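# Architecture at a glance
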Amino acid sequence: MANAIYIINGPNLNLLGQREPGIYGNGSLDDIKADCNAFASKLNVSIEFRQSNHEGMLVDWIQEADKKARGIILNAGAYTHTSVALHDAIRAGSVPVIELHLSNTHAREEFRHKSYISPVAHGVIMGFGGDGYLLAIRAMCTLLDSTNSL
Ligand code: CA2
């Protein structure tokens, strides 16, 4: 969708609500998507909400968003901690990216402390579960407003 905020979700986030509720909560990704749509319509912005388990697909969507979107909210899942390809795709683009995580990755295993996304993101929101998506939409709107691109 042109002029939308893209919300891009990476691997295994389609499993939310089915396992690990202690870490990720009880809600499904569809529940989060519905909450995002309701919140975005209150703020009068449109969102494009996607999920893929495939790194190359995420790269394609970041490149697409750079042409069509105002900003990107990215929960890259485990690719956060491994993907030079996602880092490069964000670095090559010019729309702002907010890195998002349900959990506080710094309070978890050491391998989750490294992020290839943070150095090329405008900001990071983590540790607030599904509410983090709404915080990120709010933050993106404020950012776009302050740069007159909303
Ligand atoms: O906290 C986050 O949002 C994460 O991006 C979630 C990823 C994890 O690899 C990152 O370190 C932090 C995992 C996505 C969901 O994985 C599930 C695994 C089993 C059951 C349900 C979800």
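Look up: the structure comes first, before these words.
Residues numbered from 1 in each chain as written. Predicted model: local features only at pLDDT ≥ 70, side-chain atom pairs only at ≥ 80, totals over all residues. Heavy atoms only, no water.

### Describing the environment of A89
Here A89 lies in helix α4 (residues 84-92). In this structure, the C-alpha to C-alpha distance between A89 and L58, residues 31 residues apart in sequence, is 9.2 Å. (Helix = DSSP H or I, 4+ residues; strand = E, 2+ residues; numbered from the N terminus.)

### A word on the site of the ligand
Lining the immediate surroundings of the ligand are 16 residues, of which N75, H81, L102, S103 and R112 lie closest. N75 places a side-chain nitrogen or oxygen 2.8 Å from an oxygen atom of the ligand. S103 places a polar side-chain atom, nitrogen or oxygen, 2.6 Å from an oxygen atom of the ligand. Under a 2 Å grid-point criterion requiring more than half of the atoms, the pocket assigned to the ligand is the largest pocket. (Near = heavy atom within 4 Å. Polar contact = N/O pair within 3.5 Å; in protein donor to acceptor, adjacent residues only side chain to side chain. 1 Å grid on protein atoms, 1.4 Å probe; cavity = no way out; pocket = protein on both sides within 12 Å on 5 of 7 lines; lining within 4 Å. Sits in = over half its atoms within 2 Å of the grid points.)

### Here we look at a negative patch on the surface
On the surface, a cluster of negative charge is made up of D30, D31, D35 and D131. For the negative patch, the element with the most residues is helix α2 (residues 29-43), which contributes three residues. Of note, D35 is situated in helix α2. (Patch = residues over 30% accessible without salt bridge, like charges linked within 9 Å, V, L, I, M, F, W, Y side chains within 5 Å. Areas by Shrake-Rupley, 256 points an atom, 1.4 Å probe, with all protein chains shown as cover. Salt bridge = Lys/Arg side-chain N within 4 Å of Asp/Glu carboxyl O. Lys, Arg positive; Asp, Glu negative; His and termini not counted. Charge placed at Lys NZ, Arg CZ, Asp CG, Glu CD.)

### Digging into the environment of N12
Relative to the helices and strands, N12 is located in the loop between β1 (5-9) and α1 (21-24). A C-alpha to C-alpha distance of 34 Å links N12 and T147, two positions 135 residues apart in sequence. Those residues within four positions of N12 in sequence are excluded, and the remaining contacts are Q51 and N53. (Contact = heavy atoms within 4.5 Å.)

### Observations regarding the pairing of strand β3 (residues 71-75)
Of all five residues making up β3, five are buried, and the element is well covered by its neighbours. Looking at chain direction, β1 and β3 are connected through five bridges and run parallel. Counterpart to Y6 in the pairing with β3 is I72. In this structure, β3 lies alongside strand β4 (residues 97-101), joined through three bridges in parallel fashion. Counted as the bridge partner of I72 is V97 from β4. In terms of handedness, the path from β3 via α4 over to β4 forms a crossover that is right-handed. (Buried < 20%, exposed > 50% of the residue type's maximum accessible area, 1.4 Å probe, protein only. Pairing = 2+ DSSP bridges. Right-handed = clockwise from strand over helix to strand, strands pointing away.)

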